[in-house]
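# Chains, contacts and geometry: an overview
These are the residues of each chain, in order.
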Amino acid sequence: DAMVIQNPRYQVTQFGKPVTLSCSQTLNHNVMYWYQQKSSQAPKLLFHYYDKDFNNEADTPDNFQSRRPNTSFCFLDIRSPGLGDAAMYLCATSRAYQAGGGPDTQYFGPGTRLTVL
Amino acid sequence: AQTVTQSQPEMSVQEAETVTLSCTYDTSENNYYLFWYKQPPSRQMILVIRQEAYKQQNATENRFSVNFQKAAKSFSLKISDSQLGDTAMYFCAFTLGSARQLTFGSGTQLTVLP
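This write-up is about the structure you can find in this document. (Residues numbered from 1 in each chain as written. Chains lettered and ligands numbered in written order. Predicted model: local features only at pLDDT ≥ 70, side-chain atom pairs only at ≥ 80, totals over all residues. Heavy atoms only, no water.)

### Some points on the state of the cysteines
Residue and element names in this part refer to chain B. Let me state the cut-off plainly: The disulfide criterion is simple: two cysteine sulfur atoms within 2.5 Å. Segments assigned H or I by DSSP are reported as helices when at least four residues long, segments assigned E as strands when at least two residues long, and all are numbered from the N terminus. Only protein chains enter the calculation, and the probe is 1.4 Å; a residue is then buried if its accessible area is under 20% of its type maximum, exposed if over 50%, and partly exposed in between.
On inspection of all chains with the given rule, the structure shows 2 disulfides over all chains. One disulfide bridge connects C23 with C92, the sulfur atoms lying 2.0 Å from each other. Taking the torsion about the sulfur-sulfur bond, which here is approximately -70°, the covalent link between C23 and C92 counts as left-handed. In this pair, C23 is assigned in the loop between β3 (19–21) and β4 (24–26) and C92 in strand β10 (residues 88–96), connecting sequence segments 69 residues apart. The buried category is assigned to C23, whose relative accessible area is 1%. Judged by its relative accessible area of 0%, C92 falls in the buried class.

Put into structure tokens, the structure is as follows:
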């Protein structure tokens, strides 16, 4: 089945130790998103790629970086995780626009739960 | 900036009954889209229903329907014949027609009771 896959599902890292989360998709969508969702809160967009065009949200900390080596894969790098970065990280994909116009539906992966010790 | 407000952090409903989740939003734009997403426990978020602001007709998807009141900037979700599988966190979300970024509300945790 076509889907959005996130690995690992659970990640534990130490304070200040770099960590990389991965996302892959079989939907062939040209837009990929990374969201941060803290406990009992709404997902917050960190950045998104439209093809290779990187779009950073204004309030995303510099500690968060992303790479998209090809259409299928996108990575979230946290350079020096702090305790406040513990959260669920959601990857989502969409087409650029829905057929007939307007923004396309976003398809979400199951998320990676990051714990920072 | 756009904001989305969900004033009901938690709700419960008996199986087979109807429940309505509230959502209000604020924008000065005229071209926008509204969504309800469902996030079941430990499972991925999925789209429940979407509404184009230029459409006056309320969107419907099987047991799910919306009451879109554009002047009041209100976008409520009605779930009819509630099922146990409807238990989830429900997020209302907004995006401008020219954008891709979703702005989410804080969510409503819905529990369907047997």
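### Structural notes on the sheet that holds strand β7 (residues 64–67) of chain A
All names here are of chain A. Just so we agree on the cut-off: Each pair of strands is called paired provided DSSP finds at least two bridges between the two strands. Here, axes are lines fitted to C-alpha atoms. For helices the fit covers the stretch in contact, and angles between N-to-C directions go from 0 to 180 degrees.
Pairing is antiparallel across the open sheet formed by 4 strands, whose spatial order is β1-β3-β8-β7. Taken across any chain shown, the strands that pair with only one partner, and hence form the sheet edges, are β1 (4–7) and β7. Geometrically, the sheet is characterised by an average inter-axis angle of 20° between neighbouring strands, direction not taken into account. The sheet contact formed by β1 and strand β3 (residues 19–25) spans 4 bridges and is antiparallel. Bridged to I5 within β3 is S24.

### Quick notes on the pattern of salt bridges
All names here are of chain B. Which entries qualify depends on this criterion: When a carboxyl oxygen of Asp or Glu lies within 4 Å of a side-chain nitrogen of Lys or Arg, that pair is called a salt bridge.
Applying the stated criterion across every chain yields a total of 7 salt bridges over all chains. Measuring nitrogen to oxygen at the nearest pair gives 3.5 Å for the salt bridge that ties D26 to K73. Within this pair, whereas D26 is found in strand β4, its partner K73 is found in the loop between β8 (64–69) and β9 (74–79), the two being separated by 47 residues in sequence. Residue classification places K73 among the partly exposed residues on the basis of a relative accessible area of 25%. One network of salt bridges, in which partners are shared, links R50, E52 and K55.

### Some points on the interface of chain A and chain B
Keep this limit in mind: We call two residues in contact whenever any of their non-hydrogen atoms come within 4.5 Å of each other. Using a 1.4 Å probe, buried area is obtained as the accessible area two parts lose upon being combined, added over both of them. Any N or O atom pair separated by 3.5 Å or less is treated as a polar contact, with the protein-specific requirement of one donor-capable and one acceptor-capable atom, and with residues adjacent in sequence counted only for side-chain atom pairs. Residues are grouped as follows: Ala, Val, Leu, Ile, Met, Phe, Trp, Tyr, Cys and Pro are nonpolar; Asp, Glu, Lys and Arg are charged; all remaining types, including Gly, are polar.
Contact residues are listed per partner, giving 26 residues for chain A and 21 residues for chain B. Here chain A meets chain B over a buried area of about 1800 Å², counting both sides, of which 52% is carbon and sulfur. The tally of links between chain A and chain B comes to 0 salt bridges. Linking chain A to chain B there are 4 residue pairs in polar contact (both at pLDDT 80 or more). Among the elements of the structure, β4 (31–37) and β5 (44–50) of chain A are those that each provide at least two residues to the side of chain A that touches chain B. With 4 residues, β4(A) is the single largest residue contributor to the side of chain A that touches chain B. Looking at the side of chain A that touches chain B residue by residue, the class counts come to 13 nonpolar, 10 polar and 3 charged.

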